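Coordinates in review
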Amino acid sequence: DKSKAEVRTVRLDSAWFARFTTDASDAAVDRFSAAHKSDVDEAWKAVASKWKAGCPLVSEVVQTFAPDATEADKSLSKDKVDRAKGLLDKGVPFGVVARELSDGQTALAGGQLGCLSPEIYGEGGDVLAKAAATLKPGAVSDVLETKNGYHLIRLNGTLAAGDVETVGRRTVARPLAVRAGGEARAREFATKLIDAAKGGARLDDTVAKLVPEFTGTTLPPAPKAADKAATTPSTSDDLDPASDPQAPKAEISAPFNIDGDPVPGVYGAPLGRMAFELAKPDDVHPEPIVVAGGFIVLQLKEKTVATR
C-alpha cells in the first residue's frame with residue numbers, strides 16, 4: 001500500500017485508427033474479402049434479400065440525437081452538420097468530412113452507406129431516399145432532418161442489375177475491413193512507439209512524429225502558405241485528426257499503488273501490477289497491452305518501494 005509508482009502512458013484507440021489511418025478503398029476492401037471470405041459471406045447473407053437493382057448508392061454524414069433530445073442538443077447536432085456542409089462546399093472530400101464529423105455507423109468507412117432504401121436504412125430512410133431521387137450523381141443534399149438526426153447525403157450512382165452482389169458484398173465488407181485495419185494500425189503504432197522508447201526516445205515526441213506519418217496516407221496535404229489563398233482549404237486547416245479526442249497522446253499518471261489504476265476508464269489489463277514489474281525509470285512494457293477498444297503503451301516514470 002505504501003509503495004508508489006508513476007507511469008507515462010499512450011492510449012491507442014482502435015476506432016481512431018480505423019477512422020483516420022486505414023485504407024477504405026474498393027481494392028483494399030476486396031483484398032480483405034478474399035482473406036475473410038466466410039465472415040463476408042455471413043454478413044452478406046443476412047442482408048442480400050434487401051438489395052435491389054436500381055436503388056440509389058449514397059454516402060452519408062449524420063449527427064444523431066435521442067428521441068428525448070432537448071432543443072439545445074439538437075442545435076449542437078445541427079451546427080456540426082452545417083459545418084460539414086460548409087466544408088463540402090469548399091471542396092473537402094466527402095469521405096474525410098464523414099470520418100471526422102459523422103457519428104453514424106458508416107463514419108469509419110468515410111460515410112459510404114451503399115444501397116439506400118427504407119428497408120435497409122430503417123427509420124428515416126424514406127426521407128433520405130426521397131432526397132436522393134432529386135440529386136444528380138456526385139451532388140450533395142441540403143441538410144435533412146429525420147426523427148433520429150440531421151443528415152447530408154451524396155448520390156454516388158444507381159445500382160446496376162449486374163452489380164448487386166459485387167457492390168453489396170463490398171458494402172458489408174467495408175466496415176469489417178476498416179475495423180480490422182484500425183486494430184492492426186493501432187498495434188503497429190504501439191510497436192513503433194515501444195521500439196523508439198527502448199532506444200531512448202521520449203513518448204510524447206514520438207507520438208507527435210508518428211501521428212502525421214500514420215494519417216498522411218489518407219488525408220490530402222496542406223497547401224503551401226503562398227498557395228492557400230488560391231486553393232480550397234485543406235483538411236489540415238479544418239479537420240485535424242491529431243486534435244480528435246481519441247487521438248494518441250502521451251500522459252503522466254498520478255501516483256498509484258500496485259493495485260491502483262494509472263489510466264482511469266481503461267479495462268482489460270492489470271496496469272498497476274504491470275507497472276510495478278518494470279525495474280527502473282524509463283523501462284517500457286515490451287509489448288502493446290491489449291485493453292478494451294485498443295492498446296496501451298506503458299513506461300515507468302518512477303517507482304518508490306516502501307521499506308521496513
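As the structure is a computational prediction, the values presented were derived from the model and not from experiment. (Residues numbered from 1 in each chain as written. Predicted model: local features only at pLDDT ≥ 70, side-chain atom pairs only at ≥ 80, totals over all residues. Heavy atoms only, no water.)

1. Topic: the sheet that holds strand E6 (residues 250-252)
Spatially, the 4 strands line up as an open sheet ordered E6-E1-E8-E7, and their pairing is antiparallel. Of all strands in the sheet, those with a lone pairing partner are E6 and strand E7 (289-291), marking the two edges. Taken over all neighbouring pairs, the strand axes of this sheet differ in orientation by 35° on average, direction set aside. Here strand E1 (residues 4-13) runs beside E6; their pairing, made up of 3 bridges, is antiparallel. Directly across from valine 10, in E6, lies its bridge partner alanine 250. Across the face of the sheet, helix H8 (residues 164-198) comes into contact with E1, E7 and strand E8 (294-304) while running at roughly 25° to E8. (Pairing = 2+ DSSP bridges. Helix = DSSP H or I, 4+ residues; strand = E, 2+ residues; numbered from the N terminus. Axes fitted to C-alpha atoms, helices over the stretch in contact; angles between N-to-C directions. Contact = heavy atoms within 4.5 Å.)

2. Section: the environment of glutamate 119
Position of glutamate 119 relative to the elements: it lies in helix H6 (residues 118-121). Note on glutamate 119: relative accessible area 48%, which makes it partly exposed. Put simply, glutamate 119 and tryptophan 51 are 68 residues apart on the chain and 9.1 Å apart in space, counted from C-alpha to C-alpha. (Buried < 20%, exposed > 50% of the residue type's maximum accessible area, 1.4 Å probe, protein only.)

3. Section: the pattern of salt bridges
Inspection of the entire model under this criterion finds 18 salt bridges. Lysine 85 is paired through a salt bridge with aspartate 89; the nearest N and O atoms lie 3.7 Å apart. You can see lysine 85 and its partner aspartate 89 sitting in helix H4 (residues 71-89), 4 residues apart, about one turn around the helix. Overall, aspartate 89 belongs to the exposed group, its relative accessible area being 56%. Between aspartate 259 and arginine 273 there is a salt bridge whose closest N-O contact spans 2.7 Å. Of the two residues, aspartate 259 sits in the loop between E6 and helix H11 (271-277) while arginine 273 sits in helix H11, which places them 14 residues apart along the sequence. (Salt bridge = Lys/Arg side-chain N within 4 Å of Asp/Glu carboxyl O.)

4. Re the side chain of serine 14
Following the sequence through the fold, serine 14 ends up in helix H1 (residues 14-20). Excluding residues that lie within four positions of it along the chain, serine 14 makes contacts with Gly182, Glu183, Ala186, Gly293, Gly294 and Phe295.

5. A few points about helix H2 (residues 26-35)
Those residues of H2 not exposed but buried are Ala28, Val29, Phe32 and Ser33. Mapping the buried residues of H2 onto a view down its axis gives an arc of 140°, with all of them on the same face. In H2, the exposed positions angled more than 90 degrees off the buried face are occupied by Arg31, Ala34 and Ala35. (Arc of directions from axis to C-beta.)

6. Regarding the confidence of the model for the protein
Summary statistics for the protein give a mean pLDDT of 88 and a share of 93% for residues scoring 70 or more. Between residues 217-237, whose pLDDT stays under 50, and residues either more than four places distant or in other chains, the model counts 25 contacts. (pLDDT = per-residue confidence, 0-100.)

7. Topic: the sheet that holds strand E3 (residues 112-115)
With antiparallel pairing, the 4 strands of this open sheet are ordered in space as E3-E2-E5-E4. The strands lining the two open edges of the sheet, one partner per strand, are E3 and strand E4 (144-146). When strand polarity is set aside, the average angle formed by the axes of neighbouring strands in this sheet is 40°. Of the pairings in the sheet, the one linking E4 to strand E5 (residues 149-158) comprises 3 bridges and is antiparallel in character. Its bridge partner lying in E5, glutamate 145 is registered against tyrosine 150. Packed on one face of the sheet, helix H5 (residues 94-101) meets strand E2 (56-64) and E5 and runs near 30° to E2.

8. Focus on unusual backbone geometry
Here the phi dihedral of aspartate 282 falls at roughly 80°; this positive angle occurs in a residue that is not glycine. Mapping aspartate 282 onto the fold places it in the loop between H11 and E7.

9. Re the nonpolar core
Counting 20 residues, the largest nonpolar core has Val10, Leu12, Phe17, Phe189, Leu193 and Val297 as its most contacted members. For this core, the secondary-structure elements that each account for two or more residues are E1, H1, H8, helix H9 (203-215) and E8. Tallying contributions element by element places H8 first for this core, with 6 residues. Leaving out residues up to four positions away in the same chain, valine 10 has contacts with Leu193, Leu203, Val207, Pro248, Lys249, Ala250, Phe295, Ile296 and Val297. (Core = buried A, V, L, I, M, F, W, Y, C linked by side-chain atoms within 4.5 Å.)

10. Notes on the environment of threonine 206
Secondary-structure assignment places threonine 206 in helix H9. Here the alpha-carbon distance between threonine 206 and lysine 147, two residues 59 residues apart in the chain, equals 44 Å. Among residues more than four places away in sequence, those in contact with threonine 206 are Leu193, Ala196 and Ala201.

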